[in-house]
Amino acid sequence: MAGKHTKRGFIIREAREEDLAEMVGFLAKLALHVSGAPPHELKESERKRLLRTLHSSLDDPNKLLLVAESKNSALVGMGYVYIWRSQGIWEQSEAAEFKSGVIDDIWVEPDFRGLGILKALLRDLVNFAEEHHASELILEYSASNKEAKAAWTKLGFKPTGVRAAAFTSVVKQALAESQG
Ligand SMILES: CC(C)(COP(=O)(O)OP(=O)(O)OC[C@H]1O[C@@H](n2cnc3c(N)ncnc32)[C@H](O)[C@@H]1OP(=O)(O)O)[C@@H](O)C(=O)NCCC(=O)NCCS
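The residue count restarts for each chain, going from 1 along the sequence in the order it is written. Per-residue local features are limited, in this predicted model, to residues with pLDDT of at least 70; the limit for side-chain atom pairs, both in listing and counting, is 80 or more; totals at the level of whole chains, interfaces and linings are taken over all residues. Only heavy atoms go into the side-chain values, all of them from the structure, while hydrogens and water stay out.

If you check an unreviewed UniProt entry, the protein appears there as Ribosomal-protein-alanine acetyltransferase from Marinobacter manganoxydans MnI7-9.

Laid out in C-alpha cells, this is it:
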C-alpha cells in the first residue's frame, strides 16, 4: 500500500500528525478553488476545527487520510476516504448492511498536477474501500470545477444527481408568475 517511491518523483503515504497543519492549508485552498473566491485567510476558530477533524480521522479505522509527498519531502497533495454504512430500510429485503466509500478533500498542488498524483491517491483509497467491502464510491464536485469533472469522468464517475440553488427572490417571483 502507500509509502513506495515512484519513478515520477512523489510518494503516497498515510497522513501523520505533523502533516495536519499543512493539510488545513490545502483544505483552505480547495474551498477557495471551489467557490472561485480570491485568496482569504482562515479564521483561527475554523483552522482549529479543521485540525481537530483531521486529527480525529488519523486513528479512525473507517477513514483513510493520505498525502502525496514530493522527492524533497514537501507535501504536494492530499486525499481522503471514509466508509459509510447504511442499513436496509425495507421489510422485504434481507438485513444487509450496505457500504460505500465516500471520497473527499482531494487537492493536488498546481505545480504537481497532470503527473498522476490523483490516480496514485485514488489507487490506495480504492484499495481501502475494497478492503472494507465498500462496493461503491461516492464523491461530489462542483459543476463549475472543470478539472475535477474531467478527471473524475476519466476515472469512471458518472453524475447521479443534481444539487440546485436559487435566490429566494427568484423562486418567489417564479411562484408569483405561476399563480393561476
Ligand atoms: C482534479 C485534480 C485533483 C487532478 O489531480 P492530478 O494529480 O492533476 O490528476 P492526474 O494527473 O492523476 O490525472 C488523472 C486523470 O484525469 C485527467 N485530468 C486531470 N486533470 C485534468 C484537466 N485539467 N483536464 C482534463 N483532464 C484532466 C488526466 O488526463 C488523467 O487521466 P490520464 O492519465 O488517463 O490522461 C487537481 O487538478 C486538483 O487538485 N484540482 C483542484 C482541487 C479539486 O478540484 N479537487 C477535486 C474536488 S472534488
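All right, on to the overall build of the protein then. Secondary structure is summarised from DSSP: a helix means a run of H or I of at least four residues, a strand means a run of E of at least two, and numbering begins at the N terminus for each. A count of helices and strands for the protein gives five helices and five strands. In terms of overall dimensions, the protein has a C-alpha envelope of 70 × 50 × 35 Å along the principal axes. Between buried and exposed lies partly exposed: a residue is buried under 20% and exposed over 50% of the maximum accessible area for its type, with that area taken using a 1.4 Å probe on protein chains only. Classification of the 180 residues of the protein by burial places 33% in the buried group. Restricting to contacts in the protein with at least 6 residues of sequence separation, those with at least 24 account for 62%. A 1.4 Å probe and the Shrake-Rupley method give the accessible areas. Residues count as covered only by the protein chains that appear here. In the structure as shown, the protein presents an accessible area of about 12300 Å², 55% of it carried by carbon and sulfur atoms. Charge convention: Lys and Arg are scored as positive, Asp and Glu as negative, and His as well as the terminal groups of each chain are ignored. One atom stands in for each charge, and that atom is NZ of Lys, CZ of Arg, CG of Asp or CD of Glu. On the protein, the mean spot of the 24 positive side-chain charges and the mean spot of the 25 negative ones are 6 Å from each other. Any two residues whose heavy atoms approach within 4.5 Å are treated as being in contact.

Surveying the vicinity of the ligand reveals 21 residues, the closest of which are Val108, Gly114, Gly116, Lys119 and Asn145. Polar contacts, as used here, are pairs of N or O atoms within 3.5 Å; protein pairs need one atom able to donate a hydrogen and one able to accept it. Residues neighboring in sequence count only if both atoms are side-chain atoms. Between the ligand and the protein, one listed contact pairs an oxygen atom with a side-chain N or O atom of Lys119 at 2.5 Å. A distance of 2.7 Å is found between an oxygen atom of the ligand and a side-chain nitrogen or oxygen belonging to Asn145. In isolation the ligand exposes 920 Å². Once the protein is present, 76% of that is buried. Of all the elements in the fold, those that place two or more residues in the shell around the ligand are helix 1 (20-35), strand 4 (97-108), helix 3 (117-131) and helix 4 (146-154). A total of six residues in the shell around the ligand trace back to one element, the largest contributor, which is helix 4. Classifying every residue of the shell around the ligand by side-chain character gives 12 nonpolar, four polar and five charged. Consider each residue's heavy atoms; a residue with any of them within 4 Å of a molecule or strand counts as near. Amino acids are sorted into nonpolar (Ala, Val, Leu, Ile, Met, Phe, Trp, Tyr, Cys and Pro), charged (Asp, Glu, Lys and Arg) and polar (every other residue, Gly among them).

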